[in-house]
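Here is what each chain is made of, one letter per residue.
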Amino acid sequence: MLELKDVCFTIQKDGEDLNLIDQVSLQVPRGHFMAIVGPSGCGKTTLLKTIAGLNEESAGSLLWNGLDLAEEKDFDPAEIGYVPQFSIAYDQLTVDESIESATRLRVKIKNYAELDNRIDRTLEETGLAALADRPVQVLSGGQKRRLGLAMELVTGPHLLLCDEVTSGLDPRSERDIVRLLHQLSRRDGRTVISVTHSLAHLELYDSILVLHEGRVAYHGPPAGLTHYFSVEDTEEVYPQLAKQRSEKWAQSWLKHREAYYGKLNKRRKELIKRGELSVPVEVDNEPEPTKKSSQKTTDTTQLEDPAEAQTIVREPAKLVKTPGIISQFSTLLGRRWKIFFRDRGQVFLQLAILACFPILVALFSDRGNENIKRFSDRYEGTLQQIQEHTMVEKSYLSVGSAVSGIVMFQVVLLSLMGSNNSAREIAGERLIFEKEKFGGIRPIAYLGSKVAFLGSLILIQSLWMAIFVQQFWKFPDGAEAGFLDHTLFLVLINAAMTFVCLGISALMKTAEQSSLLSIYLVGFQLPLSGAVLALPESIESITRPFISAYWAWSGSIDSMNPSYRNAIDAVTETSFQSSSACHYLLIIHIAIGLIASYIGIKRHHWD
Ligand SMILES: Nc1ncnc2c1ncn2[C@@H]1O[C@H](COP(=O)(O)OP(=O)(O)O)[C@@H](O)[C@H]1O
Ligand SMILES: [Mg+2]
């Protein structure tokens, strides 16, 4: 039994309290199918979110099976299903794959047979069996809603909340979905609450809650609606509502509600007697809600708990267990790769960048090679000799700028790849993730899957960049170690940018904001790195710690043969840091990106 006692949800508007939900009290017993109707903006979604715990109530209390949800026991993620207004499936997956990943993420499965059974049962239950292999992208509106429902049914929730699952559908699809919800409420004592704007097919519900400006205007049997609102047809209810302020409707409801609750109880008993409604025996920890609450209100206003009148005795369905972190991680990672390979545009873009960026660097390395050749032919002497004789030589300066330029070019292109890897990664699927987090997916498993996925991209991109460019332009050292150091810096700069942008995409509200910020971040790397022009010292000391590109460039140059390092020193006024300091700085950037990602992922981001 779900019970709301004087529940309010208040926001601050222009410095004043505004009750979006105002003193809503009602009871919804097991196996009950309730509609929440009301004009647009009356607070239906807000009420549903308050029930789900996504909005914290500002006053009053919510009880589930007699226990206070705020103080005693919150919903188990498997106990509640919430179908939001938006689609919760990935377009690139098929119906079957979507249900499979929802099951793997939310239900601890013993073996493949159990997984298959669960998927098949869910497909059957929601009438999606024939569409199992179809990609989500091509589903009709009604089919998508069914899929949304199916993905919430995988845990066999005891309470199912649906927000506008029929809106925008043709009348036939709408009726089919309402029928489906009705059937779902007739099994295992599942309580189904469905928000709808539409006043069609109300006869299929057990009770209708009419909300008006956040207040209860009516909560009774569908057949009582027209009488209560003194109208001929249910379609006239909304215009009738608008004729009176919501306080008046709420007062009038308090006066009449006992009579309507009596009707609801009577009908419920009949249904159970006829065997149309099967209600499980109450669970052990369920106290007597009627006794507890009857201290405040009179018995007649209570909706009786069905357990008293039951004829069919069944055990309540046991709650499924949520899988562990590792299992969720591997499901999420497998799904991420699948979505990546199905998204042709993304694969093409990644391949194009992977191929073109190193070629771009190689093109520039041609001139650099010429200078390097001349340089090494003529200046084989000691460092001191070189310094003495060559400071003003043109080729000495050209080799400095060529080597510095090529390293910086690689660094900047890898920064760009990094931001392209992750700028939309979390922000682009935020609502789906919020939904999944609500369903029991752990933030750390989600972050882990992102790190593993992006980590692979980082390694492929950076190693390829290093190895490809090496074929055309030998890293100016001779010793193997210099090239390896340089490669490590390329991996680090790509990782630093990827994870900092992942942090941005976890903290921003929309994918657009996150992309824009990431682009600015990359855009500022080159000018602020000091590789092209030295910055004024006062600015340099402030900006330098944040410019990943500087640290990768500087570290890479520091690991070069000293004669090249001096050549570079001659063309730039910017000083270099030791390569170990550069390692640390870049690792700190990566750590900051990961911490920001975790904080962003944990944060509540529903709207
Ligand atoms: N978190 C919020 N902050 C401010 N206003 C909100 C918030 N949530 C909802 N609202 C406002 O409350 C009203 C009710 O919203 P909602 O519950 O979505 O309506 P419905 O689902 O009935 O169409 C709307 O005017 C909406 O703009
Ligand atoms: Mg709504």
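A. Local environment of the confidence of the model for the chain. Residues with a pLDDT of 70 or more make up 87% of the chain, whose mean pLDDT is 88. Averaged pLDDT values over the elements of the chain bottom out at 41 in helix α9 (residues 289–294) and peak at 98 in helix α10 (residues 325–342). Within the model, pLDDT remains below 50 along residues 282–301, and this stretch shows 25 contacts once partners closer than five positions in the same chain are excluded. Below a pLDDT of 50 lies the segment residues 306–315, which in the model reaches 24 contacts outside its immediate sequence neighbourhood of four places, other chains included.

B. Seen up close, the site of ligand 1. If you check the shell around ligand 1, you find Ile 11, Leu 20, Gly 38, Ser 40, Gly 41, Cys 42, Gly 43, Lys 44, Thr 45 and Thr 46 and nothing else. Considering each element in turn, the shell around ligand 1 owes the most residues, 3 residues, to helix α1 (residues 44–52).

C. Layout of the sheet that holds strand β10 (residues 215–220). The strand order across the open sheet formed by 6 strands is β6-β7-β8-β3-β9-β10, and the pairing between neighbours is mixed. Of all the strands in the sheet, the pair left with one neighbour each is β6 (80–83) and β10. The mean inter-strand angle of the sheet, taken between neighbouring strand axes irrespective of direction, is 15°. When strand β9 (residues 207–212) meets β10, the two strands line up antiparallel, connected through 5 bridges. Looking at the pairing, His 212 lines up with Arg 215 of β10. Across the sheet, helix α5 (residues 171–185) is in contact with β3 (33–37), β7 (159–163) and β8 (191–195); its angle to β8 comes to roughly 155°. Strands in contact with helix α8 (residues 246–273) are β9 and β10; relative to β10, the strand with the most contacts, it is inclined by about 20°.

D. Layout of the environment of Glu 56. With respect to the element layout, Glu 56 can be found in the loop between α1 and β4 (59–64). We classify Glu 56 as exposed; it has 10 C-beta atoms within 10 Å. Distance in space between the C-alpha atoms of Glu 56 and Ala 70 is 8.6 Å, their sequence separation being 14 residues.

E. Focus on the environment of Ala 362. If you trace the backbone, Ala 362 turns up in helix α11 (residues 344–378). A count of 16 C-beta atoms within 10 Å places Ala 362 in the partly exposed class. Taking the C-alpha atoms as reference points, Ala 362 and Val 469, separated by 107 residues in sequence, lie 5.5 Å from one another. With residues up to four places along the chain from it excluded, the contact list for Ala 362 reads Phe 468, Val 469, Phe 472 and Trp 473.

F. Local environment of α10. Between the first and last C-alpha of α10 there are 26 Å, a value that for 18 residues agrees with the 26 Å anticipated at 1.5 Å per step. Among the residues of α10, Gln 328, Phe 329, Thr 331, Leu 332 and Arg 335 are the ones counted as buried. Buried positions in α10, seen along its axis, are confined to an arc of 165° and lie on one side of it. Pointing more than 90 degrees away from the buried face of α10 are the exposed residues Ile 326 and Phe 341. Contacts from the buried residues of α10 go to α2 (95–106) and α15 (443–472).

G. Fine view of the sheet that holds strand β5 (residues 67–68). Taken in spatial order, the 4 strands of this open sheet run β2-β1-β4-β5, and their pairing is antiparallel. Because the sheet does not close on itself, it has two edges, and the strands there are β2 (16–28) and β5. Sheet analysis places strand β1 (residues 2–13) next to β2, joined by 9 bridges and oriented antiparallel. When the bridges of β2 are listed, Val 7 appears paired with Val 24. Sitting on the sheet, α1 is in contact with β1, β2 and β4, with an inclination near 65° to β2.

Calculation notes
Residues numbered from 1 in each chain as written. Chains lettered and ligands numbered in written order. Predicted model: local features only at pLDDT ≥ 70, side-chain atom pairs only at ≥ 80, totals over all residues. pLDDT = per-residue confidence, 0-100. Helix = DSSP H or I, 4+ residues; strand = E, 2+ residues; numbered from the N terminus. Contact = placed C-beta atoms within 7 Å. Near = placed C-beta within 6 Å. Pairing = 2+ DSSP bridges. Axes fitted to C-alpha atoms, helices over the stretch in contact; angles between N-to-C directions. Buried ≥ 20, exposed ≤ 12 C-beta atoms within 10 Å, placed from the backbone. Expected span 1.5 Å × (residues − 1). Arc of directions from axis to C-beta.

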